[in-house]
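# Notes for the structure review
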Amino acid sequence: MTLISSCLIRARLACRPFYRFYANSAPRTIDVHSIPQEPIETKAEQPFRTSIDDPTLHTEKDLGLFYTVNSDDFKKISPFGKALPLQFREECEAFNETAIMIRQPSLDIIKLIKQINWNLPPLKVVLFPAELGVGMSLCLFHVIHYGYRKKMLLVNTPTAAEVLKLALDATPSPNNEQMWDTPSAASTWLKTFAINNEAILRETDFRTKFTYTWSARESTPAGTHLLDLIGYATDRIKYASECVGAIVKEVKAQVREKNIQTLVTFDTINSYYGPTWIVKPDKSIVKPNEVTMVKALQELLLPDWNNAFIVVTIGPKGIIIPKVREKHNWLVRHGHFRTEHRLPGVLMYDGPMTVKSLLGTEGIEALEPFVPIQVEKYTENEFNNQYRYYIDRNWIQNYHGREEEGRKEILFFTARNPYEMAKFVGSR
Amino acid sequence: MLKSSYLIRYSSFQFKRSFHLTIPSLTAGQTQYHGQKNSTWWDKYDSHVDPVQTRTDLLNMDDLDERHFRPVKPVIPTYQSFSCFHDPIISRVIGILLREGNRELVEELIHKTFRTMKLIQTGKYNRAKTKEERDSIECNPVTLLKQAIKNATPIVRLTRIAKGGTLYSVPIPISPIRATFTAIRLLIDSTHDARPHDQRFWTLFAKEIMDAAQNQGRTIKKKQEIHRNAELNRAYAHFKWQK
């Protein structure tokens, strides 16, 4: 016992001698060009980037490589910048480019898009995570980019949860007394729809089939161009959320005749089957079925149309847990969730993130039948490529972090989780 | 100004200290337990032995040595580490920002400040066209912090010495540890005063550190005020040694 323990202690102390503790306090400036970059590049001479910008040309060989998104494409796909998570957006601003890794789940979805029979009701694909922070939104963005290049009609709600949670202006709707409007969220949705699909709508001359009466005096006749309808709705924000329902109806009815393929995407759809943060004047919570925009968008999931493909991601469990306002009630009674025992910095095991627990029965009834695709953590290859990308963009600043032991330490700390890796690397 | 903020912070701490040293509702992973004196059980029972400090001692260790059979104290305290990303100056800043032992919160804040600093600086770096511009931009947040602390350390401090019934502010030399403490304290206090105050602490803190590294901003102004006051009261400097 003594020999083994002494050998282990010797080995440990040999690679990390005690004086090392003071080595970091010596002042030393980082000069990227003076640090030898050979040891990392000669080990694997394969590159970590591709020059193929077009997602229609990506194949299985490009797994784990980064491709840069054109800034024009990016502005068209997400004009308000909501399609990607906030942390990633900030890093892209710092790196002066948006580079996304090509991973297995998105390639699987693209394969499915190429293979399906468009005459059948829409195929639903659910991207569910193995762990939190595994990169579902980026896979979804890759698929949206592919759809954009293939000239499919994009009906995507980039942040489904924001509509319900952060709606600061939720007003009761004028036409229907029980329903609630979200004018600002609806207007942003309409604007993204317009900017995404401008080219296609102009080409095919997409006109409305039905008349819509917003009130006793105002109505839009059949035969108006969809872009004009959207312009009208953004001017009259009062009817914006009903206009969302109108557009959904039009898309469902006319896509069969026009022979356009549509790609419908939702990000964090389980917020549609959980509680909202909108509170009525008598302090009761509004359900998502009572929000006009959500109700309209849920009709997209029904199987009564075709020429469509639906991709959906699931958010974390926090979206289903109702929020308790701790400010005014001093005795906060949480539900039967383990939030009251939570401490920062302490790891608590919540149970596996199964699709059933995240979506609930309502969600599964609405989404079934679906194809589940799991998004996993990085593989060794992907992790190494991400590490090299960060070094290339001068994001890893610590002069130990660029060496082999820095890579090992990052691997140990983050366990190949993309979100944790970004957080860890970004904060040192 | 320094003294008033010091008083405000410590009032709540003293009130809580009289209740208990250990917090029974916390789980096994608690970290708010180590700061108090004689709180760890080996301090109470004195049974832990000092560890091996040098490599030669380790190689020439006896098989009958006490340390094989008794619990051994750690080589370094629990808030330090052998990790390559660890820096004692960051630990010091965390310790000075600590309130009521909430170390996790302060670590998060400092991670976010470093992240904002890196975002700004790498943004400039990746947009720089020429090589000289790139070499001049300093991206490493830890070096920026060290530079800021270096620029903000005062050389003297003022004490009150009573002589003949009146209190005089006397400039006296400052020890280096106290100097770094005042520098970090000045950085933190100037972020508390920074405008616009709607923004989060880490964005303002990042801006303060970057300004101080460039020898601009509120912290440098405060340090220069200390120096100015010391210069004004220069005549009384001999009071320290006179009595």
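Residues numbered from 1 in each chain as written. Chains lettered and ligands numbered in written order. Predicted model: local features only at pLDDT ≥ 70, side-chain atom pairs only at ≥ 80, totals over all residues. Heavy atoms only, no water.

Helix and strand counts for chain B stand at 11 helices and 2 strands. Listed N to C, the secondary structure of chain B is α-α-α-α-α-α-α-β-β-α-α-α-α in terms of helices and strands. When burial is assessed residue by residue, chain B has 39% of its 243 residues classed as buried. Taking contacts inside chain B between residues at least 6 apart in sequence as the whole, the part at least 24 apart equals 56%. Carbon and sulfur atoms make up 54% of the accessible area of chain B, which amounts to about 15200 Å² in all. (Helix = DSSP H or I, 4+ residues; strand = E, 2+ residues; numbered from the N terminus. Buried < 20%, exposed > 50% of the residue type's maximum accessible area, 1.4 Å probe, protein only. Contact = heavy atoms within 4.5 Å. Areas by Shrake-Rupley, 256 points an atom, 1.4 Å probe, with all protein chains shown as cover.)

So, about the UniProt feature "domain: Small ribosomal subunit protein uS7" (unreviewed entry) in chain B. Mapped onto this numbering, the UniProt entry annotates "domain: Small ribosomal subunit protein uS7" (unreviewed entry) at residues 83-234 of chain B. For residues 83-234 of chain B, helix accounts for 65% and strand for 11%, while the C-alpha atoms at its two ends are 46 Å apart. (UniProt positions renumbered as here; feature names shortened; annotations may be inferred.)

Once that is clear, we can look at the sheet that holds strand E3 (residues 123-129) of chain A. Adjacent strands of a sheet form backbone hydrogen bonds with each other and so pair up, either parallel or antiparallel. Residue and element names in this part refer to chain A. Strand order in this open sheet of 5 strands is E4-E9-E10-E3-E11, and the pairing throughout is parallel. With partners counted over all chains shown, the strands left at the sheet margins are strand E4 (153-157) and strand E11 (370-375), one partner each. The mean inter-strand angle of the sheet, taken between neighbouring strand axes irrespective of direction, is 15°. Pairing of strand E9 (residues 262-266) with strand E10 (residues 308-313), which is carried by 5 bridges, proceeds in the parallel orientation. In the strand pairing of E10, Thr-262 is matched with Ala-308. Contacting E3, E10 and E11, helix H12 (residues 355-367) crosses the sheet at an angle of about 170° to E3. (Pairing = 2+ DSSP bridges. Axes fitted to C-alpha atoms, helices over the stretch in contact; angles between N-to-C directions.)

Our next topic: the domain arrangement of chain A. Residue and element names in this part refer to chain A. Examined at the domain level, chain A breaks down into domain 1 (60-376) and domain 2 (377-427). Between domain 1 and domain 2, the residue contacts involve 18 residues of the former and 15 residues of the latter. Note on domain 1 versus domain 2: buried area summed over both sides is about 1500 Å², and carbon and sulfur give 54% of it. The set of elements that each furnish at least two residues to the side of domain 1 that touches domain 2 consists of helix H4 (86-95) and strand E2 (99-101). Looking at the side of domain 1 that touches domain 2 residue by residue, the class counts come to 10 nonpolar, 3 polar and 5 charged. (Domains from an automatic or database assignment. Buried area = accessible area lost by both parts, 1.4 Å probe. Nonpolar A, V, L, I, M, F, W, Y, C, P; charged D, E, K, R; others polar.)

Scanning the entire structure with this criterion turns up 17 aromatic pairs over all chains. Here Phe-412 of chain A and Phe-413 of chain A contribute two aromatic rings whose centre-to-centre distance is 6.1 Å and whose plane-to-plane angle is 80°, an arrangement assigned as edge-to-face. The lysine or arginine in question, Lys-249 of chain A, covers the ring of Phe-210 of chain A, its NZ or CZ lying 4.9 Å from the ring centre. The aromatic ring of Trp-202 of chain B is capped on one face by Lys-112 of chain B, whose charged end is 4.3 Å from the ring centroid. (Phe/Tyr/Trp six-rings, centres within 6.5 Å; stacked < 30°, edge-to-face > 60°. Lys NZ or Arg CZ within 6 Å of the ring centre and 35° of its normal.)

Residues at a pLDDT of 70 or more form 81% of chain A, whose mean pLDDT is 80. Across residues 4-43 of chain A the pLDDT falls below 50, and counting only partners more than four positions away or on other chains, this stretch makes 55 contacts in the model. (pLDDT = per-residue confidence, 0-100.)

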